[in-house]
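Structure at a glance
Below, each chain spelled out in residue letters.
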Amino acid sequence: MAVNLDKEVYYRRIKRLYANWKKGEDEFGKVDAMVVSVGVDEEIVYAKSTALQTWLFGYELTDTIMVFCESKILFLASKKKVEFLKQVAVTKGNENTNGLPPITLLVREKNESNKANFEKMLEAIRASREGKTVGVFIKDKFPGEYMKSWNDMITAEGLERVDISAVVAYTTAVKEDGELSLMRKAAGVTTEVFSKFFKERVMEIVDADEKVRHSKLAESVEKAIEEKKYLGGADPSTVEMCYPPIIQSGGNYSLKFSVVSDKNHMHFGAITCAMGVRYKSYCSNLVRTLMVDPPQSMQDNYTFLLQVEETLLSHLKHGVKLCDAYNAVLEFVKKEKPELVGKLTKNLGFVMGIEFREGSLVLNSKNQYKLKKGMVLSVSLGFSDLVNKEGKKEEQKKYALFIGDSVQINEEDAATVLTPVKKKIKNVGIFLKNEDEEEDEADADEAEELLEKGARGAALLTDRTRNEMTAEEKRRTHQTELANQVNEEARRRLTEQKGEQQVHKARKSNVSYKSVSQMPREREIREMKIFIDKKYETVIMPIFGIATPFHIGTIKNISMSVEGDYTYLRINFYVPGSYLGRQEGNIFPNPEATFVKEITYRASNLKSAGDPSVPSTNLQNAFRIIKEVQKRYKTREAEEKEKEGIVKQDSLVINLNRSNPKLKDLYIRPNIAQKRMQGSLEAHTNGFRFTSVRGDKVDILYNNIKHSIFQPCDGEMIIVLHFHLKNAIMFGKKRHTDVQFYTEVGEITTDLGKHQHMHDRDDLYAEQMEREMRHKLKSAFKNFIEKVETLTKEQLEFEVPFRDLGFQGAPYRSTCLLQPTSSSLCNVTEWPPFVVTLDEVELVHFERVQFHLKNFDVVIVYKDYGKKVTMINAVPVNSLDPIKEWLNSCDIKYTEGVQSLNWTKIMKTIVDDPEGFFEQGGWTFLDPEGEGSGEEGNNSESEMEDETFNPSAEEDEAEEEDSDEDYSSETEDSNNSASLGSEEESGKDWDELEEEARKADRESQYEEVEESSNRKRKGRSSVPPPIIKKRRRR
């Protein structure tokens, strides 16, 4: 045969089989030889005989009889199969065969009864040990004359048959690394088919209110595995279903894997789905329950079922008896919800491998077999016959909940889930938005049925932030409620913080020497020269004939100049009132002391007779060395300042398992070194570790991550994993609260060297390659995220920005796309990144909201009033309504105004007198209704004397200061507001504007002109009559 047999695997596994037989435990101790006979039966999917063949050889060998004796092994097969088996029969020079019996190959004769071959095998059985008992798989019965004649020969010989199914199953249950990788792949395909096909299909059915039979839906799942996009790169010829998918709903549930999907229509209630994919003969299994509009009782029972599964997984460890794990779960249910004990499934799973279900290794109350590291189980547990008290129709009254996963047994840790399909309520609950149905609950059943047939929008619970509330009245009502809540919460929060006083940190006192004994005894000091003590970072200067030490930290700057025959060295010191730095302030430990502000030394540049060197050499050396020491000192101080407030992190617990989730060829931002370097990101027990190609390491612990954001490459040139941290971490000698890992997905280049054509083959090929690369990268990142979420038991969840809700804005210097996530507003593709936690936001204020302006600004005020407000500039005005809608859905108060406010003054006023602020109405001064109250924080003083609030005053001032030309164009438009920008946007030509100005002049009155001109004379120029008149009329 052209097919190769993996000899190493065969020798390794046959040795394991013989080793367990020699131990003589359980049924192995009762048999003298083992007989495995496989006939031909297309209807048999799983059989212990074929499973053993697959385990040993990698293939099923039909019409083959294997006899395992103590001192020899015999295979009886057709000529082609014998040729295949010769690969392991010829053992010359192979070290792996040590300790194994020799193999005898017998060729089956098709035209004869094979009596001679049977006699040889029976003779070998009689010679093996006592020759009285043979181990067989009792349940395996293959049809055909060939198998019948062999079984008759065994019976005629008087050999006793002993069933060895359980002991062989226990031997093969512990999987090798190669087997585990195949089972992980099978589980991965199952996960893909469920998530990307079945779940999406159910969503479509619910959304469109389709009527689909369970059996038809199950058939479509079976067809889905023929499509490569659901197989994660696996060859379709190696993939098959372990069993026909089982889909149940509408009150008829049987929580077993032996049932088939019935022909009833799917009911929009509790929908259970069980499916398993087999990859290269190795099985996997997955069970989930999707719930449409589940009542609270159903949600509570489902949440409890998840807790039961977590309890089971925590007990599934190496060395634990199957019955003990089952009983631990039973005790947990009895303790927490005893009424559900009778509803729990009778077994909680089984060992799985080449056979889907090992009947002897089932998780029940009686099984005494112990779990071993490397076993893979199909865990499946559920509650049946549950009653829905809110159900009105027959199919709504009863429901069942069923969940299951493929899990791998570990040494000490809880079992690892191989099918990481999210199963929390928010991931499997489908909530329908149908307000009409809610209002007409009391109507008759007929009316309800008509309403149910209407269009319904289905959305997962996680998408609730996208609910559309288009009614302006509802939005205003909600905002009024939020305004009251914001004021009350802020008043309470500030009252609690009232007693806390801000501690001002004193400037560190730099003492050069603690005692005189530490003073150096150098010759330069005795000669009254300037001496720099590098050890203690001190400059010793002669002052009035006394060597006086000054620490380098007290020196502000130094300068040296040469004037004629003399060199001057000028040293300036820090004193109270001098600038110490933006963050430090003018704080000294003892500000009442006497300070030296400046010292100047002079030395001759001329060498006198008898002097070894020019006197000014000392000043020149002092200047150079002081600069060096000062630089070193400032660098160290900067590093210490960076480290201030750094919270000490726990140590990263390294998981030595090779199967850790890992992403390679990533860049890190900010860079560790000056040049960017690639590296790999690996998830461990309690955190991530990034290792660069140079060997640099950056550790990020799970408990220090505030937001973990996954930015896909849709519409972007990079794909990003971003971590916004609770506490800053140090690397590259700086502290960072934002760390991201990314890779580029395309080249931002254009070839201008040749004529571009839309059907150019090279261009089409490049586009195709880029599309494939994007898809591949996205799949790799998603796979990594799913594994990490499973590893952390979903304590760490990655948020994906909602691109549809994004808007343009400039939080820093450049404009970028700001996108909301479920708990933040972020942009992680540009650097520096922008991340705002929504839970920390007090309110959002929109500035410069005027009809004639294309842009406005967004100000984010935090609940911590000591924190500086965040400004987002140049947001397009067409984004205003979508932003309001989003903020309203997130229960965040927003206000808007036409002016730019001085937020530094406003926040200082609030912090200094919080009680007075809230007595005057708190944040209500920002509401557009309260016009006059907005003057409190206004930094424009030119219009303060006007009794009438003038929304465009600031705009006028800014325009007036620009140029006379701008001013003149401003004066000629009287019908519009007094802004140059509005004239440009109106589209009128100069003739029309001049005509309008002349009309306005004729209508205006002198008194008004005079009064307005006097008021505006304080500025650089007066505003002409037409503008003033129109403004007063408003």
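First, a word on scope: everything that follows refers to the structure included in this document. (Residues numbered from 1 in each chain as written. Predicted model: local features only at pLDDT ≥ 70, side-chain atom pairs only at ≥ 80, totals over all residues. Heavy atoms only, no water.)

1. Some thoughts on the overall build of the protein
Counting its regular elements, the protein contains 27 helices and 39 strands. Sequence-distant contacts in the protein: of pairs separated by 6 or more residues, those separated by 24 or more amount to 65%. By element, 48% of the accessible surface of the protein is carried by carbon and sulfur atoms, the whole surface being about 54700 Å². (Helix = DSSP H or I, 4+ residues; strand = E, 2+ residues; numbered from the N terminus. Contact = heavy atoms within 4.5 Å. Areas by Shrake-Rupley, 256 points an atom, 1.4 Å probe, with all protein chains shown as cover.)

2. Considering the sheet that holds strand β31 (residues 798-799)
The strand order across the open sheet formed by eight strands is β27-β26-β25-β24-β30-β29-β28-β31, and the pairing between neighbours is mixed. Only two strands of the sheet have a single neighbouring strand rather than two, namely β27 (697-701) and β31. Pairing of strand β29 (residues 718-731) with strand β30 (residues 734-744) involves 10 bridges; the strand directions are antiparallel. Looking across to β30, one finds that F731 is bridged to K734. (Pairing = 2+ DSSP bridges.)

3. Topic: helix α19 (residues 880-889)
Helical geometry: 3.6 residues make up each α-helical turn, so side chains three or four residues apart lie on a common side. With seven of 10 residues buried, α19 is to be regarded as a mostly interior element. Downstream of α19 by a residue or two, D891 has a phi angle that is positive, lying close to 60°. (Buried < 20%, exposed > 50% of the residue type's maximum accessible area, 1.4 Å probe, protein only.)

4. Concerning the nonpolar core
One finds Y10, F57, F68, F198, L316 and L377 to be the most contacted residues of the largest nonpolar core, which totals 133 residues. Take this core: its biggest share by element is 13 residues, from helix α7 (residues 177-208). Not counting the four nearest positions on each side in its chain, L316 is found in contact with A325, L363, L371, V379, V407, I409, D413, A414 and A415. In this structure, F710, I729, F781 and I785 belong to the second largest nonpolar core, which totals 31 residues. (Core = buried A, V, L, I, M, F, W, Y, C linked by side-chain atoms within 4.5 Å.)

5. A short note on the sheet that holds strand β39 (residues 893-896)
Whenever strands of a sheet pair, they do so through backbone hydrogen bonds, lying parallel or antiparallel. Spatially, the four strands line up as an open sheet ordered β38-β37-β36-β39, and their pairing is mixed. The strands lining the two open edges of the sheet, one partner per strand, are β38 (870-876) and β39. Each strand of the sheet is rotated relative to its neighbour by a mean of 20°, with strand direction disregarded. With six bridges connecting them, strand β36 (residues 841-847) and strand β37 (residues 855-862) associate as antiparallel partners. Its bridge partner being in β37, V844 is matched across the sheet by I860. This element, helix α15 (residues 472-496), spans β36 and β39 of the sheet and lies at about 105° to β39. Here α19 sits on the sheet in contact with β36, β37, β38 and β39, set at roughly 165° to β36. (Axes fitted to C-alpha atoms, helices over the stretch in contact; angles between N-to-C directions.)

6. Quick word on a positive patch on the surface
On the surface, R213, K216, K223 and K263 cluster together into a positively charged patch. Here K216 lies in helix α8 (residues 214-224). According to the relative accessible area criterion, K216 is exposed, its value standing at 53%. (Patch = residues over 30% accessible without salt bridge, like charges linked within 9 Å, V, L, I, M, F, W, Y side chains within 5 Å. Salt bridge = Lys/Arg side-chain N within 4 Å of Asp/Glu carboxyl O. Lys, Arg positive; Asp, Glu negative; His and termini not counted. Charge placed at Lys NZ, Arg CZ, Asp CG, Glu CD.)

7. Some words on the pairing of strand β19 (residues 538-543)
Along β19, five of the six residues are buried, which leaves the element largely enclosed by surrounding structure. Note that β19 and strand β20 (residues 546-551) share six bridges and pair antiparallel. Following the sheet pairing, I540 is matched in β20 by P549. What sits between β19 and β20 in their antiparallel hairpin is a turn of two residues, with F544 showing a positive phi close to 55°.

8. Re the state of the cysteines
Taken as a whole and assessed by the stated rule, the structure comprises zero disulfides. Note on C242: no disulfide assigned, nearest cysteine sulfur contributed by C283 at a separation of 3.7 Å. (Disulfide = S-S within 2.5 Å.)

9. Description of unusual backbone geometry
With an omega of -5°, the peptide bond between R669 and P670 qualifies as cis. With an omega of 5°, the peptide bond between W831 and P832 qualifies as cis. Within the secondary structure layout, P832 lies in the loop between β34 (824-827) and β35 (834-837). Positive phi values are uncommon outside glycine, yet S281 reaches one of about 75°. Along the polypeptide, S281 turns up in the loop between β10 (277-279) and β11 (286-292). Accessibility expressed as a relative area gives 24% for S281, which makes it partly exposed. Phi is positive for D293, which is not a glycine, with a value near 45°. Along the chain, the position of D293 falls in the loop between β11 and α9 (296-315). Classification of D293 as partly exposed rests on a relative accessible area of 38%.

10. Observations regarding the environment of N621
Here N621 is to be found in helix α17 (residues 617-643). Between the C-alpha atom of N621 and that of F531, which follows or precedes it by 90 residues, the distance is 9.3 Å.

11. A word on the packing of aromatic side chains
Counted under the stated rule, the structure contains 37 aromatic pairs. Ring centres 5.3 Å apart and planes at 80° place the aromatic pair F917 and W923 in the edge-to-face group. The residues F917 and W923 share a single accessibility class, namely buried. One aromatic cluster in this structure is built from F688, F690, Y702, F723, F741, F784 and F798. In this structure, R493 is placed above the aromatic ring of Y865, and the distance from its NZ or CZ to the ring centre is 5.8 Å. (Phe/Tyr/Trp six-rings, centres within 6.5 Å; stacked < 30°, edge-to-face > 60°. Lys NZ or Arg CZ within 6 Å of the ring centre and 35° of its normal.)

12. With respect to helix α2 (residues 48-57)
Most of α2 sits inside the fold, with 10 of its 10 residues counted as buried. K48, S49, T50, A51, L52, Q53, T54, W55, L56 and F57 are the residues of α2 that are buried.

13. Quick notes on the pattern of salt bridges
The tally for this structure, following the rule as stated, stands at 42 salt bridges. A salt bridge links K423 to E309; the shortest N-O distance between them is 3.6 Å. With K423 in the loop between β15 (416-417) and α12 (425-428) and E309 in helix α9, this residue pair connects regions lying 114 residues apart in the sequence. Each member of the pair, K423 together with E309, is buried. A single salt-bridge network, built from bridges that share partners, covers R12, R13, R16, E176 and E179.

14. A word on the pairing of strand β21 (residues 555-563)
Pairing of β21 with strand β22 (residues 566-573) involves eight bridges; the strand directions are antiparallel. By the bridge assignment for β22, V562 is matched with T567. The hairpin turn running from β21 into β22, its antiparallel successor, is two residues long, and G564 in that turn takes a positive phi close to 65°.

15. Side note on the packing of α15 against α19
Their axes nearest at 11 Å, the elements α15 and α19 cross at an angle of 50°. Looking at the two axes, α15 sits oblique to α19. Here α15 and α19 pass one another in a crossing that is left-handed. For the pair α15 and α19, the contacting residues are R475, H478 and Q479 in the first and D881, K884, E885 and N888 in the second. (Parallel < 35°, antiparallel > 145°, perpendicular 65-115°, else oblique. Left-handed = near helix turned anticlockwise from the far one by under 90°.)

16. Structural notes on the side chain of Q711
Secondary-structure assignment places Q711 in strand β28 (residues 705-711). Only 3.2 Å separates the side chain of Q711 from the side chain of Q819, close enough to count as a polar contact. If we skip the residues at most four places from it in the chain, Q711 touches E716, I718, I719, V720, P801, R803, Q819, V828 and T829. (Polar contact = N/O pair within 3.5 Å; in protein donor to acceptor, adjacent residues only side chain to side chain.)

17. Quick word on the packing of helix α1 (residues 7-23) against α2
Packing of α1 against α2 brings their axes to within 7 Å, and their N-to-C directions diverge by 130°. On the basis of their axis angle, the class for α1 and α2 is oblique. Touching V9, Y10, R13, I14 and R16 of α1 are W55, L56 and F57, all from α2. For the contact of α1 with α2, the class distribution of residues is six nonpolar, no polar and two charged. (Nonpolar A, V, L, I, M, F, W, Y, C, P; charged D, E, K, R; others polar.)

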